[in-house]
Amino acid sequence: MAGNEWINGYLEAILDAGAKRKEQNQSHLSASVKFKIMAMELQSYGAGSDNKEKEATYSPAKYFVEEVVSRFDDSDLHKTWVKVVATRNSQERNNRLENLCWRIWHLARKKKQIESDSTRRLLQRKVEQEQGSKEAAEDLSELSEGEKDVKADDGSNNNNSHVAVYSRINANCNSDTRIIVSDEEDGEGQKEEEHLYVVLISLHGLIRGDNMELGRDSDTGGQVKYVVELARALAATKGVYRVDLLTRQVSSPDVHWTYGEPVEMLSSPPDDDDDDAASSSCGAYIIRLPCGPRDQYIPKESLWPHIPEFVDRALAHITNVAKSLGEQFSSNPSNPVTPVWPYAIHGHYADAAEVAAHLASILSVPMVMTGHSLGRNKLEQLLKQGRLTKDDINSTYRIMRRIEGEETGIDVAEMVVTSTKQEIEEQWGLYDGFDLMLERKLRVRKKRGVSCLGRHMPRMVVIPPGMDFSYVNTQDLEKDGDLQMLINSNSSQNKRDLPPIWSEVMRFFTNPHKPMILALSRPDPKKNVMTLLKAYGESPHLQELANLTLILGNRDDIEEMAGSSATVLTNVLKLIDKYDLYGKVAYPKHHKQSDVPQIYRLAAKTKGVFINPALVEPFGLTLIEAAAYGLPVVATKNGGPVDILKALNNGLLVDPHDQVAISEALLRLLADKSLWLECRRSGLRHIHRFSWPHHCHLFLAHLSSLLLRSSAPSLSLSAPRVPQSEPLSESLRDLSLHFSTDSPDALVTESSIDLNRLRHMESSSTLSFSHGHRQSIFVITIDCYSDEGAIEIPRLKEIIDKVTSLDRSNGRIGYVLSTGSTILETLEAIKSCNIDPTRFDALICSSGAEMCYPWRDTLADMDYGSHLGFRWPGEHVRETIRKVAKLDGADGDLVFDEIASSAYCFAYVVKAENNVRKVDGIKQRLRMRGFRCNVVYTHACRRLNIIPLFASRSHALRYLSIQWGIDLSKVVLFTGEKGDTDCEKLLPGLHKTVILRGFVDIGSEKLLREEDSYKLEDVFSTEAPNIITLDKDCSTSDMTSAI
């Protein structure tokens, strides 16, 4: 019954909460209307709070509801409701209490159901992860005698002599995940590189080099400062020639005009008379690219549909810079220019990681990612709270789309930069694409020089964020004259010469001569300030020895703050009063960001200690800042501080739940001056390990180590320089995208060209392709299949005739046919339409796994195949597909199709679409086993294509745009409203898309995603101006005007 008495008390408090505050505003309303308003507040508890303005108001009702829902079982709530019903009377308050109790009871039951569903899903996913890890471990467990003599590879042993196997992973990589703190450890084996071009991507928020508006909104925070400082530091690093930080251009009246400037220089080239020094770097730049609505600043959750546009603009920028740098460094102007492609493309956060993954796949350059914060971790925390269902979380935060962006980044990334070991083990371990034990097994096999059987895991490296310590004056830390001036001087002039924040803090203290215990954090329950206050309040010795300073954000009126912040600050004031800590604890209401260094200085000058007692601290940036000012630290033993104190050796770790341990650690550091001095000196001596130069040194060392033995191909645009009088078909049809590699074993094959056939084509047709003479490209991607999965020839012919009839430019338009069928099937279908295949400049086949040029020959492009071969598991994944693609209990519904398969495409006949998993289910299980592939259902769900990670019809189109030098804005793509499961990825981008309704009756979309996955509107915007929908029977003039 005690529990019920507590519930009754809380319910009475809810009824009273806010009554006085709303009395004036609602005095004219009836009692029933007032209760409806309160009921809406209760519903907002279960619906979340996406509106930040509502969050800013402290709601006592919400606080007490949360207490009831989280602290009491629903059976107790039901008993209370029964009691209220039994004792009801005609008084309005009792009726309100009955209804209120009933509503909260249902909230508690809803919370319990959400928690149960969440637990069930997590358990199911954990079982699947363990099964995938077990299967992979069994395959990798034994090293046979034959394997020991086999050189490591990440590809398959395809029975095709022309397929080259590439690896970007250094077999000698250290498998440990730790902070490398000695130069001997991280410098070994590093290649000397020069003229490096590094691309950083941070898509959301407001980014500029000076006067950063940190905290302006949830998207403009620490990540903005991180990427700007990283760009500057990399540009100042030896060997790095240029750094581009790509972000979104915002030309909105709601933000400063500087965010609309296309280019901003972050650091200029070195000003030196020495030519070599001057040419060592051309600086760092912010490159702002249009993406999405031009005149709106939109939150990161709304950016997902516009990512393809950003990818295309970034691709154009990088290509132009690469060619420009190639011309700049070319020693012989008469030779073809070799572009200087990025040394690495580094994506920050999930959205930029997806952008970087696409760019790295298209350009075949290494990709690095930094998560900053992770979607799966956030989803897990929100589900544990039980307030929102998974659907609610997904609609509010676009969380499933974010998670898929992170999984895509893991697929492609060579290296993932983390801040702590905990991030690797507890956060990245939640992802399908990363398994710590499997990653270690793969690393052992690489080190031994044996095959990884087509599996890949990215390298997780711990490189703490860098900091700028140039403003720290260590000599000033040894002097205390200015502190004495503040404490002892009566002159207001002397005090005006000191930082104002010092006086603001010191005014709280009765005895300002004592050392200062400093805590600096947000007023967040997770920061555990209450336990610190209790430890201080219950330790007379600590109170006698030191003062306590709490810097807990900024506030004007606590009642106007967000609920959790207001609760923390209210409890702080209550505890100060309870323990009578007036004159011993400082808690200033305001401070500027520029005041923070001065606060650290003040604490150091008083011979004080910094403490971070958080329940869990993912990293602990404040600990590094404190160490830079010579402050010994006491820190939580949970999370990043373990690594930081191991590197700096400047303090003590404590259990954040143990008040006695906290007070003892503080007393030990404050009372033992020799220990205090030893910790101070150790922190100052090792603080350089957390500087930006050291961060960049580790970053490039790790990356160089990974790429040291790589023979992966890189794009090389090679177009012979010929006079204009030379026949176009013979001079420029050879324009090809070759792959240059340092490996002597790499094989680059050029297909022979039938010159007689080309001359005949040139004399008989104006459609021969030549670089610079095709002004635009029309791409036909309409996937029209019958119920049985056969190509519908009449419709295909109708489509081709309709599109080719738009050409009035005398051969200035080229045609590309993109399909999920094989090259042979596509050629036969074109011939069945009575159309000459040579009318097409290129055929993209097998869902992007093959490409050929019918005007030249009907063989697959070997250069394109070599590009796709990187990280293709080949035969190793063939049997695995049959296991993971079928639903449990299904047998014989998935049969390998030998005829439709090729070197880079494994095709399977789907006999019953209800017995196979959807695309996202298959990809999830492949990732859990370390396989990186693309999965496409085609032929009206009758065929499953498993293709390389870098293969897709979308990427193939961008490959051609680079190869042929045609801007994507001059490409028009014709598609149906239905199609293969990859159809939706073809629609968005810089190119124009014309959706022709009525050409496709049966698509494969039903096998694309599960119901709880992300939605179509998170892939592309139907309101995009370059996506046009027309009817099947539209006229040629309608199509012409549309494009």
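Each remark here, short or long, concerns the structure printed above.
About the thresholds
Residues numbered from 1 in each chain as written. Predicted model: local features only at pLDDT ≥ 70, side-chain atom pairs only at ≥ 80, totals over all residues. Heavy atoms only, no water. Axes fitted to C-alpha atoms, helices over the stretch in contact; angles between N-to-C directions. Helix = DSSP H or I, 4+ residues; strand = E, 2+ residues; numbered from the N terminus. Parallel < 35°, antiparallel > 145°, perpendicular 65-115°, else oblique. Contact = heavy atoms within 4.5 Å. Nonpolar A, V, L, I, M, F, W, Y, C, P; charged D, E, K, R; others polar. Pairing = 2+ DSSP bridges. Buried < 20%, exposed > 50% of the residue type's maximum accessible area, 1.4 Å probe, protein only. Left-handed = near helix turned anticlockwise from the far one by under 90°. Patch = residues over 30% accessible without salt bridge, like charges linked within 9 Å, V, L, I, M, F, W, Y side chains within 5 Å. Areas by Shrake-Rupley, 256 points an atom, 1.4 Å probe, with all protein chains shown as cover. Salt bridge = Lys/Arg side-chain N within 4 Å of Asp/Glu carboxyl O. Lys, Arg positive; Asp, Glu negative; His and termini not counted. Charge placed at Lys NZ, Arg CZ, Asp CG, Glu CD.

### Quick notes on the packing of helix H10 (residues 222–235) against helix H31 (residues 692–707)
Running from amino to carboxyl end, H10 crosses H31 at an angle of 75°, the nearest separation of the two axes being 9 Å. With respect to their mutual orientation, H10 and H31 come out roughly perpendicular. Each of Tyr226, Glu229, Leu230, Ala233 and Leu234 in H10 lies in contact with H31, whose residues at this interface are Trp692, His695, Cys696, Phe699 and Leu700. Taken together, the residues of the contact of H10 with H31 break down into eight nonpolar, one polar and one charged.

### Thoughts on the sheet that holds strand S17 (residues 776–780)
As summarised here, the arrangement of the seven strands in space is S20-S19-S18-S17-S25-S26-S27, forming an open sheet in which the pairing is mixed. The open sheet is flanked by strand S20 (850–852) and strand S27 (1027–1031), the only strands paired with a single partner. Neighbouring strand axes in the sheet, compared pairwise and without regard to direction, differ in orientation by 20° on average. Here strand S25 (residues 971–976) runs beside strand S26 (residues 992–997); their pairing, made up of five bridges, is parallel. Within S26, the position partnered with Gly976 by the bridge is Leu996.

### Overview of the pairing of S17
S17 sits mainly inside the fold: five of its five residues count as buried. A two-sided burial pattern is seen for S17, the buried positions comprising Ser776, Phe778 and Ile780 on one face and Ile777 and Val779 on the other. Bridging between S17 and strand S18 (residues 813–818) involves five bridges; their strand directions are parallel. When the bridges of S18 are listed, Phe778 appears paired with Tyr815. Note: S17 against S25, four bridges, orientation parallel. Residue pairing in the sheet places Phe778 in a bridge with Val972 of S25.

### Concerning unusual backbone geometry
Phi is positive for Asn211, which is not a glycine, with a value near 50°. Note on placement: Asn211 falls in the loop between strand S1 (196–201) and H10. For Asn211, a relative accessible area of 64% puts it in the exposed group. Of note, Asp580 is a non-glycine position whose phi angle comes to about 55°, a positive value. With respect to the helices, strands and loops of the structure, Asp580 is situated in the loop between helix H25 (563–578) and strand S11 (585–586).

### A few points about the packing of helix H23 (residues 529–537) against helix H29 (residues 659–671)
Where H23 meets H29, the closest approach of the two axes is 9 Å, and the angle between their N-to-C directions is 65°. The orientation of H23 with respect to H29, classified from their angle, is roughly perpendicular. With respect to the hand of their crossing, H23 and H29 are arranged in right-handed fashion. Contact with H23, carried on its side by Thr531, Leu532, Lys534 and Ala535, involves Gln659, Ile662, Ser663 and Leu666 of H29 and no other residues of that element. Looking at the contact of H23 with H29, its residues break down into four nonpolar, three polar and one charged.

### Here we look at a negative patch on the surface
Among the surface-exposed residues, Asp556, Asp557, Glu559 and Glu560 lie close enough to one another that they form a single negatively charged patch. Counting through the fold element by element, Glu560 comes out in the loop between strand S10 (547–551) and H25.

### What about helix H27 (residues 621–628)?
Burial analysis of H27 places seven of its eight residues in the buried class, the great majority of the element. For H27, the set of buried residues is Thr622, Leu623, Ile624, Glu625, Ala626, Ala627 and Ala628. Positive phi appears at Gly630, one or two residues downstream of H27, with a value of about 80°.

### Section: the environment of Pro342
Locating Pro342 in the fold gives a position in the loop between helix H12 (307–329) and strand S5 (344–348). Look at Pro342 and you get buried, because its relative accessible area is 4%. Taking the C-alpha atoms as reference points, Pro342 and Thr319, 23 residues apart in sequence, are found 9.5 Å from one another. Setting aside residues no more than four positions away along its own chain, Pro342 makes contact with Tyr197, Val199, Ile318, Val365 and Pro366.

### Thoughts on the pattern of salt bridges
Under the defined criterion, the tally for this structure stands at 39 salt bridges. A salt bridge links Glu984 to Arg1009, with the shortest nitrogen-to-oxygen separation between them at 2.7 Å. Taken together, the residues Glu984 in helix H40 (residues 983–986) and Arg1009 in the loop between S26 and S27 connect sequence positions 25 residues apart. This pair shows no difference in class: Glu984 is buried, exactly as Arg1009 is. Within this structure, Arg208, Glu213, Arg216 and Asp217 form a network of salt bridges that share partners.

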